[in-house]
Amino acid sequence: MSRGTRRRAAAAGTAALLSCVVLGAPSAQAAPSARVTPPAAAGEAGWTGTWGTAPAPAAPDGISKEGLDNRTVRMVVHTSAAGGELRLRFSNAHGNAPLALGRTTVALPGPGPSPAPVAGTLRPVTFGGAGGATVPVGAEIVSDPVAFDVPADRDLLVSVHLPKPTGPATWHWLAQQTNYVSEPGDHAADAGNGAFTRAETSWFFLTGVDVRGKGARGTVVALGDSQTDGVKSTLDGNARWTDALARRLDADPATRGTGVLNEGLGGNRILRDGSETDRPQRGTAASKRLQRDVIDRPGVRTAVLYEGINDLQLEPRASAAQVLDGLRDMARRLHEQHIRVVVGTLTPFKDSPFYSPEAEKARTEVNAALRSPAARADFDAVVDFDAAVRDPADPQRVRASFDGGDHIHLNDPGYRALADAVPLAELAGSPVPAVHGR
């Protein structure tokens, strides 16, 4: 049983067959009496996160603001760790009404765009034995386990019918993955793709896939912004740095079976919510979503903190000292949960749209502090992402061969360079003591 589940189970008391994970999103709180069937706590032992994404509020307009009504969403997610069974996580963290989930299925996708399930792989997903569920405002639900041979480094196809108006959607807006919305009706069990006529590069309500089985080693969570989200990587290419890291882990027998969850959010900051700057889809500040998006994920052993550049470059700007304090505070909270903490230096952004000499000076200060021996009092390891991708001839710039085109985000080789900079031994180390004094 994971740390987060023990806390939730204790809060549930005698209501052992009812479970609701109430997330800490300031914009959405579950009703005090809200309960969701089935139990998220049941059968918790041994679960590893194989895929995850960070939920965010709807944008000011568009499909997320409008929501969905009697449509089926078919989403493609990419695994990291393998397993013999899986379960799905759905979130209504930022909704303003209860979320009705109808028929839900999982399958292996066939080749090509708008993929259809591979014949014989489609499985129904249930919730407390039922074919659907209602998720209260502010809550997350975890499905029943599904017997499914989940391969590592492979796409899964998750389809969910939304039978009632959802209201503004809890979503992940920069998926770097094409997903599909159907014509009206329940098409979750469709063997073909003909009903899925609308393409969207976002995930809706789905926030996690967990696996269980022999060889599962636990979870690494990457908490970050658009670089962790993989902005400028190849669409549908699974070329984010976390994808490359997962492939490195899977290739090494010593770390094979380690799941990697990508909890990056485009535009996210450590200290300020997106809604404070009229971009709600940038999500809750990392310092506020740490519990939901890292600590409460299953089997977490290590967190990689790679965030802060948006705090420095976007108005109103934070200081280097404020960013460092935010990183240290998150590390302290993670250590209290026996989670190892790896922190990344901030990469160059000269000539990007929000570059300024003041922000560059602050970035240099943050990196110098993280590279100093004193940083080991707060973090278990420091990964020098900056050194991995900067131009040796002009260290304030991203190397041209790694530049995604806007001088701050990276291309596929650039993201692979970030992944290659991470020492695998630091991710697989032993849990830390609750008090991290050194």
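Starting from 1, residues in each chain are numbered consecutively following that chain's sequence as written. Where local features are concerned, this predicted model is filtered to residues with pLDDT of at least 70; where side-chain atom pairs are given and counted, the filter is 80 or more; whole-chain, interface and lining totals use all residues. Here the side-chain values reflect all heavy atoms present in the structure, with hydrogen atoms and water set aside.

## Comments concerning the overall build of the protein chain
Phase 1 of the analysis: Within the protein chain, the secondary structure is distributed over 11 helices and 23 strands.
Phase 2 of the analysis: The buried share of the protein chain, reckoned over its 438 residues, is 60%.
Phase 3 of the analysis: Each accessible area is a Shrake-Rupley result for a 1.4 Å probe, and residues are judged covered by the shown protein chains and nothing else. When the accessible area of the protein chain is evaluated, it comes to approximately 15,700 Å², of which 54% is carbon and sulfur surface. Here a helix means four or more residues in a row that DSSP labels H or I, a strand means two or more in a row labelled E, and each is numbered from the N terminus. A 1.4 Å probe rolled over the protein chains alone gives each residue an accessible area, and that area as a share of the maximum for its type sets the label: buried under 20%, exposed over 50%, partly exposed in between.

## Observations regarding the confidence of the model for the protein chain
Low pLDDT means the predicted atomic positions in that stretch should not be read closely.
Phase 1 of the analysis: Here the protein chain averages 90 in pLDDT, and 88% of its residues register 70 or above.
Phase 2 of the analysis: Every residue in residues 434–438 scores below 50 in pLDDT, and together they form 12 contacts with partners more than four places removed in sequence or on other chains. The quantity known as pLDDT measures the predictor's confidence residue by residue, on a range of 0 to 100. Pairs of residues are marked as contacts when any of their non-hydrogen atoms sit within 4.5 Å.

## Considering the packing of aromatic side chains
Phase 1 of the analysis: Centres within 6.5 Å make a pair out of two Phe, Tyr or Trp rings, where for Trp the six-membered ring is used; the pair is then stacked when the planes are under 30 degrees apart, edge-to-face when over 60, and tilted otherwise. All chains considered together, the criterion is met by seven aromatic pairs.
Phase 2 of the analysis: What links up through ring pairs into an aromatic cluster is the set Trp241, Tyr306 and Phe385.

## Here's the deal with unusual backbone geometry
Most of the time, phi is negative for any residue but glycine, and the peptide bond is trans.
Phase 1 of the analysis: For the bond from Glu315 to Pro316, the omega torsion is -10°, close enough to zero to count as cis.
Phase 2 of the analysis: Mapped onto the elements, Pro316 comes out in the loop between helix 6 (309–313) and helix 7 (320–336).
Phase 3 of the analysis: The backbone of Gln176 sits at a positive phi, close to 55°, despite the residue not being glycine.
Phase 4 of the analysis: Structurally, Gln176 is set in the loop between strand 12 (171–172) and strand 13 (179–182).
Phase 5 of the analysis: Unlike most non-glycine residues, Phe205 shows phi in positive territory, near 70°.
Phase 6 of the analysis: Summarising the element assignment, Phe205 is placed in the loop between strand 15 (203–204) and strand 16 (206–212).
Phase 7 of the analysis: You can call Phe205 buried: its relative accessible area is 2%.

## Some details on the pairing of strand 10 (residues 146–150)
Phase 1 of the analysis: The two faces of strand 10 differ: Val146, Phe148 and Val150 on one face are buried, but Ala147 and Asp149 on the other face are not.
Phase 2 of the analysis: Relative to strand 10, strand 4 (residues 83–91) runs antiparallel, the two sharing three bridges. What sits directly across from Gly83, in strand 10, is Val150. We treat two strands as partners when DSSP finds at least two bridges between them.

## Side note on the sheet that holds strand 7 (residues 123–125)
Phase 1 of the analysis: Taken in spatial order, the six strands make up an open sheet running 7-6-11-3-13-14, and their pairing is antiparallel. At either end of the open sheet lies a strand with only one pairing partner, and these are strand 7 and strand 14 (196–200). Within the sheet, the average angular offset between the axes of one strand and its neighbour, ignoring direction, is 25°.
Phase 2 of the analysis: Pairing between strand 13 and strand 14: four bridges, direction antiparallel. Pairing of Val181 across the sheet is with Arg198, part of strand 14. Axis definition: a line fit to C-alpha positions, over the contact stretch in the case of helices; interaxial angles, taken between N-to-C directions, run 0 to 180 degrees.

## So, the pattern of salt bridges
Phase 1 of the analysis: Salt bridges are counted wherever a side-chain nitrogen of Lys or Arg sits within 4 Å of a carboxyl oxygen of Asp or Glu. Under the counting rule described, the total for this entry stands at 31 salt bridges.
Phase 2 of the analysis: Between Lys350 and Asp394 there is a salt bridge, and its shortest N-O distance comes to 3.8 Å. Of the two residues, Lys350 sits in the loop between strand 20 (340–344) and helix 8 (357–371) while Asp394 sits in strand 23 (residues 394–398), which places them 44 residues apart along the sequence.
Phase 3 of the analysis: Within the structure, one salt-bridge network assembled from shared partners comprises Glu360, Arg363, Arg371, Asp384, Asp386 and Arg390.

## What about the nonpolar core?
Phase 1 of the analysis: Here the nonpolar core consists of buried residues drawn from Ala, Val, Leu, Ile, Met, Phe, Trp, Tyr and Cys, with membership extended through side-chain atoms lying within 4.5 Å. Leu86, Phe90 and Leu101 are the most contacted members of the largest nonpolar core, which has 38 residues in total.
Phase 2 of the analysis: Apart from residues no more than four positions distant in its own chain, Phe90 is found in contact with Leu101, Thr104, Phe127, Ala139, Glu140, Ile141, Val158, Val160, Phe205, Leu206 and Thr207.
Phase 3 of the analysis: Among the nonpolar cores identified, the runner-up in size contains 29 residues, and Leu312, Met330, Ala331 and Ile339 belong to it.

## Side note on the pairing of strand 4
Phase 1 of the analysis: A large share of strand 4 lies buried, amounting to seven of its nine residues.
Phase 2 of the analysis: Pairing analysis gives six bridges linking strand 4 to strand 16, with the strands arranged antiparallel. Looking across to strand 16, one finds that Leu86 is bridged to Val211.
Phase 3 of the analysis: Summarising the sheet, strand 4 and strand 9 (residues 139–142) pair through three bridges and their orientation is antiparallel. Paired with Arg89 across the strands is Val142, a residue of strand 9.

## Regarding the packing of helix 7 against helix 8
Phase 1 of the analysis: Where helix 7 meets helix 8, the axes come as close as 9 Å, and the angle between the chain directions of the two elements is 40°. In this view, helix 7 runs oblique relative to helix 8, as classed from their interaxial angle. Note that helix 7 runs across helix 8; the crossing there is right-handed. Mapping the contact onto sequence places Ala320, Val323, Leu324 and Leu327 in helix 7 and Ala362, Glu365, Val366, Ala369 and Leu370 in helix 8. Small angles under 35 degrees read as roughly parallel and large ones over 145 as roughly antiparallel, with 65 to 115 read as roughly perpendicular and the rest as oblique. Crossing handedness: left-handed means the near helix sits turned counterclockwise from the far one by under a right angle, and right-handed means the same turn made clockwise.

## What to know about the sheet that holds strand 19 (residues 300–306)
Across a sheet, paired strands are connected by hydrogen bonds in the backbone, their directions being either parallel or antiparallel.
Phase 1 of the analysis: Spatially, five strands are ordered 18-17-19-20-21 in an open sheet, and the strand pairing comes out parallel. The two strands at the open ends of the sheet, each matched to only one other strand, are strand 18 (258–264) and strand 21 (381–383). When the angles between neighbouring strand axes are averaged without regard to direction, this sheet yields 20°.
Phase 2 of the analysis: Examined bridge by bridge, strand 20 and strand 21 share three bridges and lie parallel to one another. Pairing of Val342 across the sheet is with Ala381, part of strand 21.
Phase 3 of the analysis: Each of strand 17 (218–224), strand 18 and strand 19 is contacted by helix 4 (residues 241–251), which is oriented at about 170° to strand 18, the strand it contacts most.

## Overview of the side chain of Glu263
Phase 1 of the analysis: Along the polypeptide, Glu263 turns up in strand 18.
Phase 2 of the analysis: The charge count includes Lys and Arg as positive and Asp and Glu as negative, but it does not include His or the ends of the chains. No salt bridge is formed by the buried Glu263. Its closest oppositely charged neighbour is Arg289, at 4.7 Å.
Phase 3 of the analysis: Contact partners of Glu263, with chain neighbours within four places excluded, come to Gly52, Thr53, Ala54, Val221, Ala222, Leu223, Gly224, Arg289, Asp293 and Arg297.

## Observations concerning helix 10 (residues 412–421)
Phase 1 of the analysis: If you check which residues of helix 10 are buried, you get Asp412, Gly414, Tyr415, Ala417, Leu418 and Ala419.
Phase 2 of the analysis: If you follow the buried residues of helix 10, they end up packed against helix 3 (226–229), helix 4, strand 19 and helix 9 (385–389).

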